[in-house]
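Structural overview for review
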Number of protein chains: 2
Amino acid sequence: MLEKIDLNKKVEKKDYKAAMDQASERLGLLQRECKAAGIPVIVVFEGMGAAGKGVQINRLIQALDPRGFDVYAFNRATEEEQMRPFLWRFWTKTPAKGRIAVFDRSWYRSVQVDRFDGLTPEEGMADAYQDILSFEKQLSDDGTVIIKFFLYIDKEEQKKRFKKLDGSKETAWRVTKEDWQRNKEFDRYLLMNEEMLEKTDTDYAPWTIIEALDKDYAALKIITTVIDRMAYELEKKKAAAGREEKPVPGARERFKNGVLSGIDLSKRLTDEEYKEKLKMLQKRLSELHSEIYRLRIPVVIGFEGWDAGGKGGAIKRLTSHLDPRGYRVNPTASPNDIEKVHHYLWRFWNNVPKAGHIAIFDRTWYGRVMVERIEGFCTEAEWKRAYQEINEMESHMANFGAVVLKFWLHIDKDEQERRFKERQENPAKQWKITDEDWRNRAKWDAYEEAVNEMLVRTSTTYAPWIVVEGNDKHFARVKVLETVVDALEKKIKERAGKARGEDKDKG
Amino acid sequence: MLEKIDLNKKVEKKDYKAAMDQASERLGLLQRECKAAGIPVIVVFEGMGAAGKGVQINRLIQALDPRGFDVYAFNRATEEEQMRPFLWRFWTKTPAKGRIAVFDRSWYRSVQVDRFDGLTPEEGMADAYQDILSFEKQLSDDGTVIIKFFLYIDKEEQKKRFKKLDGSKETAWRVTKEDWQRNKEFDRYLLMNEEMLEKTDTDYAPWTIIEALDKDYAALKIITTVIDRMAYELEKKKAAAGREEKPVPGARERFKNGVLSGIDLSKRLTDEEYKEKLKMLQKRLSELHSEIYRLRIPVVIGFEGWDAGGKGGAIKRLTSHLDPRGYRVNPTASPNDIEKVHHYLWRFWNNVPKAGHIAIFDRTWYGRVMVERIEGFCTEAEWKRAYQEINEMESHMANFGAVVLKFWLHIDKDEQERRFKERQENPAKQWKITDEDWRNRAKWDAYEEAVNEMLVRTSTTYAPWIVVEGNDKHFARVKVLETVVDALEKKIKERAGKARGEDKDKG
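Residues numbered from 1 in each chain as written. Chains lettered and ligands numbered in written order. Predicted model: local features only at pLDDT ≥ 70, side-chain atom pairs only at ≥ 80, totals over all residues. Heavy atoms only, no water.

Now for the interface of chain B and chain A. Residue-level contacts link 41 residues of chain B with 41 residues of chain A. Both sides together, the interface formed by chain B and chain A hides about 3800 Å², and carbon and sulfur atoms give 53% of it. By the criterion of area lost to chain A, the three top residues of chain B are Gln 62, Arg 325 and Trp 431 of chain B, representing 16% of everything that side buries. The interface formed by chain B and chain A holds 6 salt bridges in total. For the side of chain B that touches chain A, the secondary structure elements donating two or more residues are α1 (13-37), α2 (53-62), β2 (69-73), α11 (271-294), α12 (311-319), β7 (327-331) and α13 (337-340) of chain B. Residue classes in the side of chain B that touches chain A are distributed as 16 nonpolar, 8 polar and 17 charged. (Contact = heavy atoms within 4.5 Å. Buried area = accessible area lost by both parts, 1.4 Å probe. Salt bridge = Lys/Arg side-chain N within 4 Å of Asp/Glu carboxyl O. Helix = DSSP H or I, 4+ residues; strand = E, 2+ residues; numbered from the N terminus. Nonpolar A, V, L, I, M, F, W, Y, C, P; charged D, E, K, R; others polar.)

Shown next, in the form of structure tokens:
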């Protein structure tokens with residue numbers, strides 16, 4: 001496919017200057033309009049080594065207001081970055097509404113340059129493609145415009161450029177032995193790139209191939225593509241503004257009597273049972289914490305539940321004997337103004353734990369399908385597609401080797417009332433109860449329906465929901481601890497089995 | 001000093017439980033009050049190896065609401081962190097108003113553990129102490145409460161604890177060969193710590209020594225210290241609330257006719273001179289950019305100036321031939337809500353360039369002594385101490401090896417009016433001019449006075465101000481480029497000289 005590209009396309013110097021000036025002005029205007037319309041834009045530069053990505057990025061950004069864009073270069077993942085799922089470093093850099101992010105190399109590294117260099121194992125390719133596709137889909141659904149360029153030059157031209165760079169003291173460091181290897185095996189590397197272009201050329205994020213022999217020609221084609229796309233997206237957004245999203249008619253009855261109504265809330269533990277089990281489990285958990293640190297296993301634990309359901313108490317018992325350097329509790333409040341202008345999953349991506357660490361979330365990304373759904377903070381289309389988006393995120397973490405657990409702390413309506421009143425009467429606990437808690441309580445049935453749907457749609461083998469019978473706090477805390485201990489033991493055993501298996505293969 | 005500490009202090013189990021419960025409730029209350037009062041708190045844990053920092057931090061945070069604190073552990077600086085001035089990783093983690101940051105080791109590493117391990121050179125000690133003192137002073141002046149603990153155990157106890165850790169598979173990794181070395185040379189290491197305690201025990205950030213043999217005793221002393229300090233600071237803040245800050249009487253006349261009135265604005269370049277010089281300088285700058293990347297020299301360039309003074313155009317000419325992977329333009333707008341709850345320098349610390357990179361600031365931290373001073377966005381005491389704070393920050397960067405330059409783009413009032421009108425008449429430039437620009441213009445004299453004072457007080461040998469005659473844009477752009485080129489050449493030569501000097505020493 002790529003070898004058919006006509007690399008002789010050229011533009012005259014004087015034509016270039018006039019066309020570029022005009023295009024720059026137009027792009028500056030579109031940037032301001034996209035900013036006003038709150039449209040985030042990602043421009044990805046990929047391509048063959050020495051195809052001139054740096055030069056082209058610089059020409060493009062000259063036309064932009066520097067207050068509105070960022071340029072990120074992605075080299076091989078650092079040690080720090082390798083300790084997180086592969087999409088982490090890209091997710092955390094996705095642009096806020098109205099901003100432009102220019103990516104010099106991107107998540108595509110994993111399926112071409114890192115693949116060629118042996119950093120992405122061949123058996124990981126299918127996952128990598130799936131992760132890339134769902135990442136771009138999620139951003140695009142949320143309104144991010146993704147523009148992808150592939151800069152192409154042929155083997156001979158690349159060789160010539162490498163030699164030239166190598167020949168000067170100031171630029172020689174830019175050409176690595178891996179670069180030379182990719183030139184030597186140009187055809188094999190080309191195949192990887194072609195596979196990438198084919199597999200990831202989608203309606204919502206299409207590729208544009210840039211013939212990169214003539215720099216002026218390339219610069220014009222790039223800026224024109226960006227202009228056309230931005231103009232198109234602005235038009236689309238304007239056209240959509242008047243239209244109302246049609247609410248999909250009913251048929252959610254099945255979640256009215258779902259999982260929650262079948263939960264046995266009479267489960268209890270005596271004081272002695274509680275003390276004994278708690279002590280034993282906390283000690284065991286502390287040992288396992290060392291073990292997962294040593295084995296570099298990341299752990300994600302989410303807590304959701306009714307107000308006053310006992311999340312705080314459960315988290316406290318879970319963490320009280322852990323080494324604070326190895327865990328973090330991330331409380332989730334209403335999004336702040338930085339978080340509001342990003343994808344709703346962005347702030348959770350920012351808190352993905354490093355390998356070997358535990359991240360506990362006190363309330364989670366499931367707010368999207370509960371409070372945001374019920375209070376109308378997002379559209380129906382948004383919360384409906386959130387189930388799949390969340391499953392994709394959790395599956396990405398699980399593929400990276402993480403333990404992912406989600407607890408729903410369940411109590412009944414009477415128990416909640418009892419606890420609310422107790423809080424109001426206790427001066428040390430009054431701050432815990434607000435008018436909002438009472439307001440939420442009035443919407444119990446709507447929440448129950450939403451929770452039932454959530455439990456059914458997002459409890460997966462790789463990231464299960466655990467409904468915790470919470471009327472008795474002791475029972476609840478012990479169940480949480482037991483579940484975490486079991487899950488960690490299972491994962492550690494799995495790892496040990498794998499390690500033994502590998503040893504056997506070697507032997 | 002430390003060897004005189006009585007390590008036999010103990011507390012009975014049952015007394016501990018009761019006292020700790022009471023203290024925890026009190027601390028929870030104080031945390032909420034400090035949050036409401038917007039007081040940021042830093043709690044630093046330092047001490048001898050195996051003194052139990054992890055255990056003590058965990059006991060302390062159990063009493064805190066997890067939505068209000070963060071724990072940071074500071075190991076040896078990573079490669080990434082070493083590429084920035086040493087305070088960078090601490091500055092970026094300073095708590096927002098109302099939050100608590102717990103630091104497991106801190107900036108003090110540099111003067112004890114890293115010093116012992118040979119990572120901080122002895123000739124860098126004086127700078128390190130000065131940086132630490134001004135860092136704590138700046139935070140403290142801004143309202144941050146700094147609580148510092150030093151956990152002490154003696155040589156024998158440490159040896160016992162190391163052995164115990166070493167004896168178990170799960171904990172052996174915690175004891176490094178450096179730990180053993182510090183135990184072997186306990187007295188030498190102790191001396192470094194005592195020097196640290198003496199040199200950095202200040203009124204605004206005093207040390208508390210914790211006898212750390214008995215964990216319960218230590219935990220109680222720590223929580224009590226934190227409680228007392230937070231209660232004290234709340235009281236102080238309440239008492240100060242009524243009082244008005246007295247404006248200092250006049251005597252700023254000397255800045256009314258200062259630097260700016262002596263600037264010759266008639267300087268001009270012909271079109272030919274401009275084109276020729278621009279081309280030559282941009283080419284040279286591009287070569288130097290490679291060179292500073294190779295030599296890992298960080299570069300900080302700040303732009304200030306009158307509205308329509310030509311900052312944007314100058315920045316564009318400066319960057320148009322640079323590799324975008326090696327520079328970043330940081331535009332400075334009004335602070336967002338995250339930035340507002342931090343020290344005013346915090347957001348600039350977040351953008352300190354890595355070694356080898358150029359950070360260009362389009363407007364800078366000097367906003368504190370210009371717009372914030374004139375519009376009353378900060379108090380008189382705040383902008384007055386800002387001169388020194390800024391000098392300290394720039395000196396810290398310079399000590400790290402950075403080139404630091406600040407440009408004031410100067411035009412006269414008539415020229416500004418001409419440019420404003422031109423912008424209003426040009427449809428492609430209208431967006432650049434707002435009512436605020438006209439309002440600022442009305443305050444020309446107040447700004448001129450502030451700028452004169454700023455130029456005098458913050459132009460230093462290590463970070464000079466360059467006033468650029470800006471009525472002729474061509475002249476201004478060339479002057480900026482020439483100044484940058486000269487400064488980079490000088491620094492590169494200096495480095496080369498140093499490198500040769502070192503070679504000689506070796507030879």
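This is not the end of the story, as more comes after the structure.
All names here are of chain B. Checked against the element boundaries, Glu 453 lands in helix α19 (residues 444-458). Since its relative accessible area comes to 0%, Glu 453 is described here as buried. For Glu 453, the side chain forms a polar contact with the side chain of Arg 373, separated by 3.1 Å. (Buried < 20%, exposed > 50% of the residue type's maximum accessible area, 1.4 Å probe, protein only. Polar contact = N/O pair within 3.5 Å; in protein donor to acceptor, adjacent residues only side chain to side chain.)

A separate point is the confidence of the model for chain A. Residue and element names in this part refer to chain A. Mean pLDDT for chain A: 91, with 95% of residues reaching 70 or above. Low pLDDT, under 50, characterises residues 247-252; the predicted model gives this stretch 9 contacts beyond four residues in sequence or across chains. Both scores are given for the predicted complex: the pTM is 0.81, the ipTM 0.71. (pLDDT = per-residue confidence, 0-100.)

Below, the discussion takes up the packing of aromatic side chains. Tallying each qualifying case throughout the model produces 54 aromatic pairs over all chains. Plain terms: the ring middles of Trp 173 of chain A and Tyr 293 of chain B are 4.7 Å apart, the flat faces sit at 20 degrees to each other, and that makes the pair stacked. On the criterion of chain membership, the pair formed by Trp 173 of chain A in the loop between α7 (155-166) and α8 (177-184) and Tyr 293 of chain B in helix α11 is interchain, its members lying in two chains. Three or more aromatic residues joined by ring pairs form one cluster here, namely Tyr 72, Phe 74, Phe 86, Phe 90, Trp 91, Phe 103, Trp 107, Tyr 108, Phe 135, Phe 150, Trp 207 and Trp 349 of chain A. Here Arg 457 of chain A stacks its cationic end above the ring of Tyr 387 of chain A, 5.2 Å away from the centre of that ring. Lying across the ring of Trp 383 of chain B, Arg 373 of chain B places its NZ or CZ 4.0 Å from the centre. (Phe/Tyr/Trp six-rings, centres within 6.5 Å; stacked < 30°, edge-to-face > 60°. Lys NZ or Arg CZ within 6 Å of the ring centre and 35° of its normal.)

Residues and elements named next belong to chain A. Counted at 1.5 Å a residue, the expected span for helix α17 (residues 413-425) with its 13 residues is 18 Å, and the 19 Å between its end C-alpha atoms agrees. Along α17, the residues classified as buried are Glu 415, Gln 416, Arg 419, Phe 420 and Arg 423. Taken around the axis of α17, the buried residues stretch over an arc of 135 degrees, which confines them to a single face. Exposed residues pointing more than 90 degrees away from the buried face of α17 are listed as Asp 414 and Glu 425. (Expected span 1.5 Å × (residues − 1). Arc of directions from axis to C-beta.)

Glancing now at unusual backbone geometry. Residues and elements named next belong to chain B. Positive phi, normally seen in glycine, also occurs at Arg 105, with a value near 65 degrees. In this fold, Arg 105 is placed in the loop between β3 (100-104) and α5 (113-116). You will see that Arg 363, though not glycine, has its phi angle at about 70 degrees, which is positive. Here Arg 363 lies in the loop between β8 (358-362) and α15 (371-375).

What follows is about the packing of helix α17 (residues 413-425) of chain B against helix α18 (residues 435-442) of chain B. Residues and elements named next belong to chain B. The interhelical angle for the contact between α17 and α18, taken along N-to-C directions, is 170 degrees, at an axis separation of 12 Å. Classified by the angle their axes make, α17 and α18 are roughly antiparallel. Two secondary-structure elements touch here, α17 through Lys 413, Gln 416, Glu 417, Phe 420 and Gln 424 and α18 through Asp 437, Trp 438 and Arg 441. Taken together, the residues that form the contact of α17 with α18 break down as 2 nonpolar, 2 polar and 4 charged. (Axes fitted to C-alpha atoms, helices over the stretch in contact; angles between N-to-C directions. Parallel < 35°, antiparallel > 145°, perpendicular 65-115°, else oblique.)

Attention now goes to the pairing of strand β6 (residues 299-305) of chain B. Residue and element names in this part refer to chain B. Most of β6 is tucked away, with 7 of its 7 residues classed as buried. Alternating positions in β6 separate into two faces, Val 299, Ile 301, Phe 303 and Gly 305 on one and Val 300, Gly 302 and Glu 304 on the other, with burial throughout. Sheet topology places β6 next to β8; 5 bridges connect them, and they run parallel. Note on β8: the bridge partner recorded for Phe 303 is Asp 362. As paired strands, β6 and strand β9 (residues 403-410) are joined by 7 bridges and run parallel to one another. (Pairing = 2+ DSSP bridges.)

Now for the UniProt feature "domain: Polyphosphate kinase-2-related" (unreviewed entry) in chain A. All names here are of chain A. Mapped onto this numbering, the UniProt entry annotates "domain: Polyphosphate kinase-2-related" (unreviewed entry) at residues 11-237 and 269-494. End C-alpha to end C-alpha, residues 11-237 measures 34 Å, and it is 53% helix and 13% strand. Helix makes up 55% of residues 269-494 and strand 13%, with an end-to-end C-alpha separation of 31 Å. (UniProt positions renumbered as here; feature names shortened; annotations may be inferred.)

Strand pairing in a sheet relies on backbone hydrogen bonds. The paired strands run either parallel or antiparallel. Residues and elements named next belong to chain B. On the basis of which strands lie adjacent, the open sheet formed by 5 strands has the order β2-β3-β1-β4-β5 and parallel pairing. Since the sheet does not close on itself, it has two edges, and those belong to β2 and β5 (207-211), each with one partner. Each neighbouring strand pair of the sheet contributes to a mean axis angle of 20 degrees, computed without reference to strand direction. Packed on one face of the sheet, α2 meets β1 (41-47), β2, β3 and β4 (145-152) and runs near 155 degrees to β1.

What follows is about the relation of the copies chain B and chain A. Structural alignment of chain B on chain A gives an RMSD of 0.0 Å, achieved by rotating through 180 degrees and translating 0.0 Å along the axis. Taken together, the rotation and translation describe the operation of a two-fold axis. For chain B, the residue whose C-alpha comes nearest the rotation axis is Asp 337 of chain B, separated from it by 3.6 Å. A high fraction, 100%, of the interface residues of chain B reappear at the interface in chain A, so the copies pair face to face through one surface. (Least-squares fit on C-alpha atoms with pLDDT ≥ 70 in both.)

Side chains that differ in charge, positive against negative, can pair when their charged atoms come close. Residues and elements named next belong to chain A. According to the stated counting rule, one finds 114 salt bridges over all chains in the structure shown. For Asp 179, the salt bridge goes to Arg 182, with nearest N and O atoms at 2.8 Å. You can see Asp 179 and its partner Arg 182 sitting in helix α8, 3 residues apart, about one turn around the helix. Looking at Arg 182, the relative accessible area reads 9%, which means it is buried.

So, on to the sheet that holds strand β3 (residues 100-104) of chain A. Residue and element names in this part refer to chain A. Strand order in the open sheet formed by 5 strands is β2-β3-β1-β4-β5, and the pairing between neighbours is parallel. If you trace the sheet from one side to the other, it starts and ends with β2 (69-73) and β5 (207-211), each paired once. The sheet shows a mean angle of 20 degrees between the axes of neighbouring strands, direction not considered. Where strand β1 (residues 41-47) lies against β3, 5 bridges are found, and the strand directions are parallel. Among the inter-strand pairings, Val 43 is bridged to a residue of β3, identified as Val 102. Of the strands in this sheet, β4 (145-152) and β5 touch helix α9 (residues 186-199), which is tilted by about 160 degrees from β4.

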